[in-house]
Amino acid sequence: MLSQTDLTYINLYISYLILAIQLGTIILFISRYESFSKSFYIFTGFLAFSFIITSVSLFLWHNGENNLPLLHLYTLGEFLLLSWFYKEIIGLRNFSHLRFYIFIGLITVLLILNSIFVQPISQFNTYAKTLVQIVLIAYSIFYFYYLTNREDTESSEQKSLRLINSAMIVYYSGSLFIFMFSNYFIERTDNLIFWVFNSLLNLIFNLLVLVAIWRAAPKRMKSLF
Amino acid sequence: MAIGIIVMVALALAFILFFNLLQRKLLKEKNQRQELQLRHQETLLHSTILTQEKERSRIARDLHDEIGSKLNVIHLNMHRLKKIESQSTELAETVEEVNQLIHNTIDTTRRISHELLPPTLEEFGLIEALKELTDGYESSGQIEIILQHQSADWKRNKVIEINLFRIVQELLSNTVKHSDTESVLIDVNLSNQQFRLYYEDNGKGFLLDEAQRNGLGLRNLESRASMIKAKLDFQTAPEQGVKVTVANLS
């Protein structure tokens, strides 16, 4: 049976591995940035944001400081960037401009109010995180629905977007309960296994994203001479 | 708690699996629909080409048998008039003018009729018709055409011959219009029930994708090839000339 210390280290190593994969994905994207569409720019922006927040939060953890305020910031950034990403890939025709912006504004206000009045930044923002995860799962399901109504043939870029979407639904569905009950976990000593599981899901998510970006990146042409 | 997480992941995976199966099914249905549509278009094009050929043949015959023969009768009568008009020079000139005009009209009618359906093709077959066609182009001095042919025990098939002839006609017309070349090679192989046509010009070529998108000419060639159950292989690229092979599938 693994001890709590073992689990802490496993979780830490997985986090480092995730950071390495994210960095690799970002470098891969930058090396071929000209060939990607806007949606990939936004998604890589989200990856870069996630990379920075995770790096800083690991740094704070090593120094024994509370890194939960970063989770509040991450939740808001994650929601805004991924909403923008889904708006881009689903297309404007399928979303009413005004209704979408009202929806984004409303959720943003709720997230901020939650961080100020309900769950201060020194605590887990379980309500906000759960809300954002449910919204992201809904986006993901909506994207699958949108794909079934598409008439044109799937390009390699669309295949990659489908893979990213699959990664999204698996990760956010799997981690939904973990974040929902994270405040409850704090009071228990056997909670680390769930965080390891969350990190594993996150690792799978980032690996699938790497594969998706790799597949969407056009291969360099070999010179004939 | 753990059960909840596992159920959520399982649900997500099941959803992805279901979606992939659904999308595959939809894609299959869409492909079937497109294939049916293509087949329908192909059938339409075939019947259009067939009707066009029938109409050409009818008009060519009408021109030759009806108008051509009547013009000949008028021409003969004008000759008779010419013999008795010696008293008046004015009349003589008019008769001569009309005579010339009729002569030109007969030539034009014959040319149009031949273009619509070369009698050589009907009477003497593909090779002779191609010789006539290439001679016509060569006599203009614009282009040199090398026509090579082998035919052994060729069982004449009018549908195959007219379609191969039309393919060459279309290719030559395109070469003269667009390719900026001075030489063309045509190689025809006919044996028993097998046929193979090879056409090559060393002109400036073109982007095949663009031509496929924009022109009906290439679709016409493909359709004619498919009508005679032949495979059309079209190779071209900018500055690479044009190489076309039409050969029966069996």
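Residues numbered from 1 in each chain as written. Chains lettered and ligands numbered in written order. Predicted model: local features only at pLDDT ≥ 70, side-chain atom pairs only at ≥ 80, totals over all residues. Heavy atoms only, no water.

In this section: the overall build of chain A. Within chain A, the regular secondary structure consists of eight helices and zero strands. Put simply, chain A runs from its N terminus to its C terminus through helices and strands in the order α-α-α-α-α-α-α-α. Relative to the globule expectation of 17 Å for 225 residues, the C-alpha radius of gyration of chain A, 19 Å, shows essentially globular dimensions. Across its three principal directions, the C-alpha atoms of chain A cover 60 × 50 × 30 Å. Across chain A, the fraction of contacts at a sequence separation of at least 24, relative to all contacts at a separation of at least 6, is 77%. Counting every atom, chain A has about 11,800 Å² of accessible surface; 69% of that belongs to carbon and sulfur. Where the 14 positive side-chain charges of chain A centre and where its 11 negative ones centre are 10 Å apart. (Helix = DSSP H or I, 4+ residues; strand = E, 2+ residues; numbered from the N terminus. Rg over C-alpha atoms; globule rule 2.2 N^0.38 Å. Contact = heavy atoms within 4.5 Å. Areas by Shrake-Rupley, 256 points an atom, 1.4 Å probe, with all protein chains shown as cover. Lys, Arg positive; Asp, Glu negative; His and termini not counted. Charge placed at Lys NZ, Arg CZ, Asp CG, Glu CD.)

Here we take up the pattern of salt bridges. All names here are of chain B. Tallied over the entire structure, the rule returns 15 salt bridges over all chains. One salt bridge connects Glu53 with Arg166, and the closest N-O pair in it is separated by 2.7 Å. Placement of the pair is Glu53 in helix α1 (residues 2-84) and Arg166 in helix α5 (residues 158-179), with a sequence separation of 113 residues. Since its relative accessible area comes to 4%, Arg166 is described here as buried. Across the pair Lys204 and Asp180 runs a salt bridge, and its minimum N-O distance is 3.9 Å. On the criterion of sequence distance, the pair formed by Lys204 in the loop between β3 (194-201) and α6 (208-214) and Asp180 in the loop between α5 and β2 (183-191) is long-range, its members being 24 residues apart. (Salt bridge = Lys/Arg side-chain N within 4 Å of Asp/Glu carboxyl O. Buried < 20%, exposed > 50% of the residue type's maximum accessible area, 1.4 Å probe, protein only.)

To continue, consider the interface of chain B and chain A. Taken together, the contact between chain B and chain A spans 17 residues of the former and 22 residues of the latter. Across the chain B/chain A interface, buried area totals approximately 1,700 Å², and carbon plus sulfur atoms make up 79% of it. Summed over the three residues of chain B that lose the most area to chain A, namely Met1, Ile5 and Met8 of chain B, the buried surface amounts to 31% of that side. Summed over the shared surface of chain B and chain A, the result is zero salt bridges. The interface formed by chain B and chain A contains one residue pair in polar contact (both at pLDDT 80 or more). (Buried area = accessible area lost by both parts, 1.4 Å probe. Polar contact = N/O pair within 3.5 Å; in protein donor to acceptor, adjacent residues only side chain to side chain.)

Residues and elements named next belong to chain B. Spatially, β1-β2-β3-β5-β4 is the arrangement adopted by the five strands of the open sheet, whose pairing is mixed. Both outer strands of the open sheet, β1 (144-152) and β4 (230-236), are each paired with one neighbouring strand and no more. The average angle at which neighbouring strand axes cross in this sheet is 5°, direction not considered. Across seven bridges, the pairing between β4 and strand β5 (residues 242-248) is antiparallel. Across the sheet, Lys231 pairs through a bridge with Ala247, a residue of β5. Along the sheet face, helix α4 (residues 126-139) touches β1 and β2 and points at about 175° away from the line of β1. Set on the sheet, helix α7 (residues 217-227) makes contact with β4 and β5; between it and β4 the angle comes to about 150°. (Pairing = 2+ DSSP bridges. Axes fitted to C-alpha atoms, helices over the stretch in contact; angles between N-to-C directions.)

Residues and elements named next belong to chain A. Mapped onto the elements, Val209 comes out in helix α8 (residues 192-216). Under the relative-accessibility criterion, Val209 is labelled buried at 1%. Placed 42 residues apart in sequence, Val209 and Ala167 show a C-alpha to C-alpha distance of 7.2 Å.

Another aspect to go through is a nonpolar patch on the surface. Residue and element names in this part refer to chain A. A surface patch of nonpolar side chains, about 710 Å² in accessible area, is lined by Val109, Ile112, Leu113, Ile116, Phe117, Val118 and Tyr127. Among the elements that line the nonpolar patch, the one with the most residues is helix α4 (residues 97-118), at six residues. By secondary structure assignment, the location of Val118 is in helix α4. (Patch = residues over 30% accessible without salt bridge, like charges linked within 9 Å, V, L, I, M, F, W, Y side chains within 5 Å.)

Phe43, Phe85 and Met168 of chain A are the most contacted members of the largest nonpolar core, which totals 64 residues. Looking at this core, the elements with two or more residues in it are α1 (4-31), α2 (38-62), α3 (68-90), α4, α5 (126-148), α6 (156-180) and α8 of chain A together with α1 of chain B. Sorting elements by how many residues they give to this core places α6 of chain A first, with twelve residues. In contact with Met168 of chain A, not counting residues within four places along its chain, are Phe43, Leu82, Tyr86, Leu136, Ser140, Ser173 and Phe205 of chain A. If you look at the next biggest cluster of nonpolar residues, it comprises 39 residues, including Ile143, Leu164, Leu171 and Leu218 of chain B. (Core = buried A, V, L, I, M, F, W, Y, C linked by side-chain atoms within 4.5 Å.)

Take the domain arrangement of chain B next. Residue and element names in this part refer to chain B. Under the domain assignment, chain B is made up of domain 1 (1-117) and domain 2 (124-248). Averaged C-alpha coordinates put domain 1 and domain 2 at centres separated by 18 Å. In this assembly, twelve residues from domain 1 lie in contact with ten residues from domain 2. Around 920 Å² of area is buried between domain 1 and domain 2 when both sides are counted, 49% of it from carbon and sulfur atoms. For the domain 1 face of the interface with domain 2, the top three residues by lost area are Leu45, His46 and Ile49, together amounting to 46%. Our count for the contact surface shared by domain 1 and domain 2 stands at six residue pairs in polar contact (both at pLDDT 80 or more). Secondary-structure elements contributing two or more residues to the side of domain 1 that touches domain 2 are α1 and α2 (89-116). (Domains from an automatic or database assignment.)

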